[in-house]
Amino acid sequence: MLGYVRKNISEVEYHTWFAPVKNLGVQEGSLVLGVRNSFAQEWFRKHYLELLEDALRSLGAQNPQVSFQVLPAAQDTLFSPADPSPAPGRPPPSTPGGPSAQDQAENRKRLNPKYTFENFVVGPNNNLAHAAAMGVAESPGKAYNPLFIYGDVGLGKTHLMHAVGHYMSERFPEKRIEYVSTESFTNDLINAIRDDKMTQFRNRYRSVDLLLVDDIQFLAGKERTQEEFFHTFNALYENHKQIILSSDRPPKDIQTLEGRLRSRFEWGLITDIQSPEYETRVAILKMNAEHNRIDIPQDVLELIARQVTKNIRELEGALMRVVAFSSLNNVPFSRAVAAKALSNIFAPQEVKVEMMDVLRQVASHFNMPPDVIRGSGRVREVVVPRQVAQYLIRELTDHSLPEIGQFFGRDHSTVMHAISKVTEQLGKDQEVTASVELLRRKMQGLDDEDLDA
Ligand SMILES: Nc1ncnc2c1ncn2[C@@H]1O[C@H](COP(=O)(O)OP(=O)(O)OP(=O)(O)O)[C@@H](O)[C@H]1O
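Residues numbered from 1 in each chain as written. Predicted model: local features only at pLDDT ≥ 70, side-chain atom pairs only at ≥ 80, totals over all residues. Heavy atoms only, no water.

1. Observations concerning the nonpolar core
Grouped together as the largest cluster of nonpolar side chains are 68 residues, with contacts concentrated most on Phe18, Tyr48, Leu52, Phe117, Ile244 and Ile304. Setting aside residues up to four positions removed in sequence, Tyr48 forms contacts with Ile9, Glu13, Trp17, Phe18 and Trp43. (Core = buried A, V, L, I, M, F, W, Y, C linked by side-chain atoms within 4.5 Å. Buried < 20%, exposed > 50% of the residue type's maximum accessible area, 1.4 Å probe, protein only. Contact = heavy atoms within 4.5 Å.)

If you want it as structure tokens, here you go:
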């Protein structure tokens, strides 16, 4: 099967997605593949399901069925940077005569273990840069050289550069990879001049297979550094070694950059990354939550994604802030809690209650699945929560009776009946009264007293 798959997709895709997959055997006629997280699960369903079914068909299956299951945490080696053993399916450790374990460790040390292709959410804002980086990873020194990625702060430029580095260090452990910020490059140069170690400096930078230089805009105005970088660039370029540069602006907008450097930066491919749109932001948050094993409802992630729009680093920070806030105050995640946690940094946002929020809260209060409440059951245990939910939705949202009816698969007169029934019971039936009050308070947001307590 893998042979078939490999022939039909690029090598980078294959190694990114298929190398870590585990065969979990056949269950109820379906081939079950273990993947690392729900992000990968969705990705496989969307992008590779047909290909896998075709692969099975090519092996003679009449009615091929493939499903994906998230592997338990223990088998997820993705975020164990301290673990020096290679992940399953990855190249084995070096052999005698091959690259030393130290080389590999050196390579890995400089790269952030989180910044891989697998952890990079692709959206319309970054798909070109992502495709270019994949192209470069697949054919270093050949596809686009240099690759120049620009974009505002915190949008994933460094992440993409490191992803190429990881990919190369896993597939070709003998390759030398150097990741450096322009600032470190400048400092190294200054030190080398001072200590009379220019030969070592040149050897270090001109002997690499992949040079990643971050924030190249800081070359502006540094004449000696530009001069040295020019020669480093030429040496690597002539030897078909790959260069990737990141910057906050395109080469033409970097002031006081020597013309000969600017034109070299334009030789390869220039690609930009824009701010992510809403769906991409939600997907990034979801992936982050999962990687950190935080079980946080989708609607809370959506609220965070609405608040932070420009910078992914801030987006991740906002998520951590919400997590810390809820843990320190010992309150469960909710949109109200998230809004409160973020209110010091962002303008307080009015939390609009949605029908689904109410249904979920009611379901959790009465300890039954939301679908049962919306279902057709007629016993009192289900009818009371259903009526309470309809009553609260009418009170807390702007939805009309027919809309509420539709949400419950009923007509508006049923909703009207539910509302008058609850109204009648308020103050008389203790259970109904207490439930309505408690739920109303929960959904209107927490008061400060709650949090202080
Ligand atoms: N598409 C994405 N999917 C998942 N995470 C992302 C994505 N883009 C960025 N991130 C995350 O956002 C954070 C900031 O990204 P990164 O450091 O690469 O930004 P940058 O553009 O290099 O910023 P700077 O200009 O400040 O160096 C990182 O934690 C990174 O993992």
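2. What about the UniProt feature "binding site: ATP" (unreviewed entry) in the chain?
Per the UniProt entry, the sites bearing "binding site: ATP" (unreviewed entry) are Gly154, Gly156, Lys157 and Thr158 in this numbering. Along the polypeptide, Gly156 turns up in the loop between strand S4 (147-151) and helix H7 (157-171). In this structure, Gly156 is in contact with Phe120 and Ile273, ignoring residues within four places of it in sequence. Tracing the backbone shows Thr158 in helix H7. Ignoring anything within four residues of it in the chain, the contact list for Thr158 reads Tyr115, Tyr179 and Asp214. (UniProt positions renumbered as here; feature names shortened; annotations may be inferred. Helix = DSSP H or I, 4+ residues; strand = E, 2+ residues; numbered from the N terminus.)

3. Digging into the side chain of Asp209
Take Asp209: it is sitting in the loop between helix H9 (198-206) and strand S6 (210-214). Setting aside residues up to four positions removed in sequence, Asp209 forms contacts with Met168, Glu174, Lys175, Arg176, Lys241 and Gln242.

4. Notes on the packing of helix H16 (residues 355-366) against helix H21 (residues 430-443)
Running from N to C, H16 and H21 cross one another at 130°; their axes reach a closest spacing of 11 Å. Classified by the angle their axes make, H16 and H21 are oblique. Regarding H16 and H21, the two cross each other, and that crossing is right-handed. Taking contact as the criterion, the partners of Asp357, Val358, Gln361, Val362, His365 and Phe366 in H16 are, on H21, Glu431, Ser435, Leu438, Leu439, Lys442 and Met443. Partitioned by chemical class, the residues of the contact of H16 with H21 number six nonpolar, three polar and three charged. (Axes fitted to C-alpha atoms, helices over the stretch in contact; angles between N-to-C directions. Parallel < 35°, antiparallel > 145°, perpendicular 65-115°, else oblique. Left-handed = near helix turned anticlockwise from the far one by under 90°. Nonpolar A, V, L, I, M, F, W, Y, C, P; charged D, E, K, R; others polar.)

5. Let's talk about the pairing of strand S7 (residues 242-247)
Of all the six residues making up S7, six are buried; the element is thus mostly covered by neighbouring parts of the structure. Of the two faces of S7, the one lined by Gln242, Ile244 and Ser246 and the one lined by Ile243, Leu245 and Ser247 are each fully buried. Sheet topology note: the S4/S7 ladder contains four bridges and is parallel. Bridge assignment links Ile149 to a residue of S7, and that residue is Ser246. By the bridge criterion, four bridges tie S6 to S7 in an arrangement that is parallel. Paired with Val213 across the strands is Leu245, a residue of S7. (Pairing = 2+ DSSP bridges.)

6. With respect to unusual backbone geometry
In the segment running from Asn145 into Pro146, the intervening peptide bond is cis, with an omega of -5°. Tracing the backbone through its elements, the reader meets Pro146 in the loop between helix H6 (127-138) and S4.

7. Some thoughts on the packing of aromatic side chains
Two numbers describe a pair of aromatic rings. These are the distance of the centres and the angle of the planes. By the definition in use, this model includes 21 aromatic pairs. Residues Phe44 and Phe68 carry aromatic rings whose centres are separated by 5.4 Å and whose planes lie at 35° to one another, so their mutual orientation is tilted. One end of the pair, Phe44, is in helix H3 (residues 38-47); the other, Phe68, is in strand S3 (residues 66-70), with 24 residues separating them in the sequence. For the pair Phe44 and Phe68, one class covers both residues: buried. (Phe/Tyr/Trp six-rings, centres within 6.5 Å; stacked < 30°, edge-to-face > 60°.)

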